[in-house]
Amino acid sequence: MGEGATRTAAALPPPAAPLFGPREEKSDPERKRRARAGVFGSAAVGTAVVAVLAGPWLERLLGVAALGAWRTLLVAIVVQGVPFLLLGTVVSAAIGAFVPARVFSRALPRNPVFAVPVAGAAGVVLPGCECASVPVAGSLMRRGVAPAAALTFLLAAPAVNPVVLVSTAIAFPGSPEMVAARFGASLVTAVVMGWLWIRWGREEWLRLPTGRAGHAPGASRFAAFRRGLQHDFLHAGGFLVVGAMAAATFNVLVPPSVLEVFADSPWLGVLVAAVLAVLLSVCSEADAFVAASFTGFSPTARLAFMVVGPMVDMKLIALQSGAFGRAFAMRFSAATFVVAVLCCVHVGGVLL
């Protein structure tokens, strides 16, 4: 009987792997990342709402009149930036869910030198926030696209797309030269960085991303679109609120005399604005409204804030470190910062 049972057990097929166990375990880090982004965005938005609603009470309690000005600036920046942030994240989520990565690789020339400007121009017609540009660049590399072209698209897409340009035109009414300067300086920076990578980039610096591009097999594209939209909007919206709060605080606490020191020193003003862009980490669809609030800075300095921010900020450095390695992120971010500032100085000197 034991022998027959052994033969029967041997004849049976091995037990099937659990349908959902490994997939859930594999996606657990992704769910945690999305959960952290949602918590951060919700907390930032909730803090802003509480600050706005409790503003009059705190102003009477503390006797600080500046709270009213701070609250007004915060609401103005957020209300102006949210529609463009929503539009940008909708388009970005749609691209990630419905456009296969192979479309990009087939459209680019095989020669990396020529692929770089084409990838930069692709950012004009394929909008996305900087949070989405890192995974898109990783999927391009997995499809065989030259790293220089993928990195150019990473820098250009959140900086020169139509949503960003329209928001810049509204934030700076009657100043089409600011829109042209932002477009020119951003596109030149992205292309120059792509060519610099061809010339001096090393493979050991870049940890090529692994994994499967696109949505998971069998998963609904609409579900992927919904998840991407929810993550991008909450994540980027949180940074928008934080940036708006910092900008409002900056405008209220920093006296005009301090800003006059920066205005009298063009190079110092540009560098300070560029460093602020890195620290505030405002989403590219909304950073023009924050830059417009920095009335004490020169036009070139505000241009530097808008050009540097979508290419080098704290959240982008973290995303690039996770996707491509810390050695790459540190070198690439530092080089991009320098190139972006130089491009802003030259373009701003001509157009502004």
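Residues numbered from 1 in each chain as written. Predicted model: local features only at pLDDT ≥ 70, side-chain atom pairs only at ≥ 80, totals over all residues. Heavy atoms only, no water.

What follows deals with the overall build of the protein. The number of helices and strands found in the protein is 17 helices and 0 strands. Expressed as a percentage of its 352 residues, the buried residues of the protein come to 44%. Taking the contacts inside the protein whose residues are at least 6 apart along the sequence as the reference set, 82% of them involve residues at least 24 apart. Carbon and sulfur atoms make up 69% of the accessible area of the protein, which amounts to about 17,200 Å² in all. (Helix = DSSP H or I, 4+ residues; strand = E, 2+ residues; numbered from the N terminus. Buried < 20%, exposed > 50% of the residue type's maximum accessible area, 1.4 Å probe, protein only. Contact = heavy atoms within 4.5 Å. Areas by Shrake-Rupley, 256 points an atom, 1.4 Å probe, with all protein chains shown as cover.)

Here the focus is the packing of aromatic side chains. Think of a pair of aromatic rings as described by two things: how far the centres are apart, and how the planes are tilted against each other in angle. In total, this model carries 6 aromatic pairs according to the counting rule given. Ring plane angle 80° and centroid distance 5.5 Å describe the contact between phenylalanine 324 and phenylalanine 328, whose orientation is recorded as edge-to-face. Residue classification places phenylalanine 328 among the buried positions, given a relative accessible area of 1%. What links up through ring pairs into an aromatic cluster is the set Trp197, Trp205, Phe324, Phe328 and Phe332. (Phe/Tyr/Trp six-rings, centres within 6.5 Å; stacked < 30°, edge-to-face > 60°.)

Our focus in this paragraph is the packing of helix 8 (residues 147-160) against helix 10 (residues 176-200). It is the contact of helix 8 with helix 10, at a shortest axis distance of 8 Å, that shows an interaxial angle of 165°. For the element pair helix 8 / helix 10, the angle class is roughly antiparallel. Viewed along their axes, helix 8 and helix 10 form a crossing whose handedness is right-handed. Counting all contacts with helix 8, which are made through Pro147, Ala148, Leu151, Thr152, Leu155, Ala156, Ala159 and Val160, the residues of helix 10 involved are Arg182, Phe183, Ser186, Leu187, Ala190, Val191, Met193, Gly194, Trp197 and Ile198. When its residues are assigned to classes, the contact of helix 8 with helix 10 shows 14 nonpolar, 3 polar and 1 charged. (Axes fitted to C-alpha atoms, helices over the stretch in contact; angles between N-to-C directions. Parallel < 35°, antiparallel > 145°, perpendicular 65-115°, else oblique. Left-handed = near helix turned anticlockwise from the far one by under 90°. Nonpolar A, V, L, I, M, F, W, Y, C, P; charged D, E, K, R; others polar.)

What follows concerns the environment of valine 192. By secondary structure assignment, the location of valine 192 is in helix 10. Here the alpha-carbon distance between valine 192 and proline 117, two residues 75 residues apart in the chain, equals 9.0 Å.

One finds Phe294, Phe305, Val308 and Phe324 to be the most contacted residues of the largest nonpolar core, which totals 81 residues. Among the elements that line this core, the one with the most residues is helix 8, at 11 residues. (Core = buried A, V, L, I, M, F, W, Y, C linked by side-chain atoms within 4.5 Å.)

Before going further, it helps to spend a moment on the packing of helix 10 against helix 15 (residues 299-308). Viewed as axis vectors pointing N to C, helix 10 and helix 15 meet at an angle of 50°, and their least axial separation amounts to 10 Å. Taken together, the axes of helix 10 and helix 15 lie oblique to each other. Handedness of the crossing formed by helix 10 with helix 15: right-handed. Together, Met178, Ala181, Arg182, Ala185, Ser186 and Thr189 of helix 10 and Pro299, Leu303, Met306 and Val307 of helix 15 make up the contact between the two elements.

Moving on, we get to a nonpolar patch on the surface. A cluster of nonpolar side chains, Phe98, Val99, Val103 and Phe222, forms an exposed patch at the surface whose accessible area comes to about 350 Å². For phenylalanine 98, the location among the structural elements is in helix 4 (residues 66-98). In this structure phenylalanine 98 comes out as partly exposed when scored by relative accessible area, which is 34%. (Patch = residues over 30% accessible without salt bridge, like charges linked within 9 Å, V, L, I, M, F, W, Y side chains within 5 Å. Salt bridge = Lys/Arg side-chain N within 4 Å of Asp/Glu carboxyl O.)

On to the environment of phenylalanine 225. Mapped onto the elements of the fold, phenylalanine 225 is located in helix 11 (residues 221-253). Among the residues examined, phenylalanine 225 registers a relative accessible area of 21% and is labelled partly exposed. When near neighbours in sequence (up to four residues on either side) are disregarded, phenylalanine 225 contacts Val90, Ala93, Ala94, Ala97 and Phe98.

What the rule picks out here adds up to 1 salt bridge. Its salt-bridge partner being arginine 182, residue aspartate 287 comes within 3.0 Å of it at the nearest N-O pair. With a gap of 105 residues between them, aspartate 287 in helix 14 (residues 287-293) and arginine 182 in helix 10 connect regions that are remote in the sequence. Aspartate 287 sits in the buried class, given a relative accessible area of 2%. The class for arginine 182 is buried, based on a relative accessible area of 0%.

Further remarks concern helix 16 (residues 314-324). For helix 16, every residue scored as buried is listed here: Lys315, Leu316, Ile317, Gln320, Ser321 and Phe324. At the exit of helix 16 stands glycine 325, carrying a positive phi of roughly 105°.

What follows concerns the state of the cysteines. Linking two cysteines covalently via their sulfur atoms produces the bond known as a disulfide. A full pass over the atoms with the stated rule returns 0 disulfides. With no disulfide of its own, cysteine 343 lies 7.1 Å from the sulfur of cysteine 344, the closest cysteine sulfur. With a relative accessible area of 0%, cysteine 344 lands in the buried category. (Disulfide = S-S within 2.5 Å.)

It is worth spelling out the environment of glycine 228 at this point. By secondary structure assignment, the location of glycine 228 is in helix 11. Glycine 228 sits 138 residues away from valine 90 along the chain, and the two C-alpha atoms are 8.6 Å apart.

Before going further, it helps to examine the confidence of the model for the protein. Residues at a pLDDT of 70 or more form 69% of the protein, whose mean pLDDT is 76. Taking the mean pLDDT of every element in the protein, the minimum, 48, falls on helix 1 (residues 2-11) and the maximum, 95, on helix 10. In the model, residues 13-27 has pLDDT below 50 throughout and makes 2 contacts with residues more than four positions away in sequence or in other chains. (pLDDT = per-residue confidence, 0-100.)

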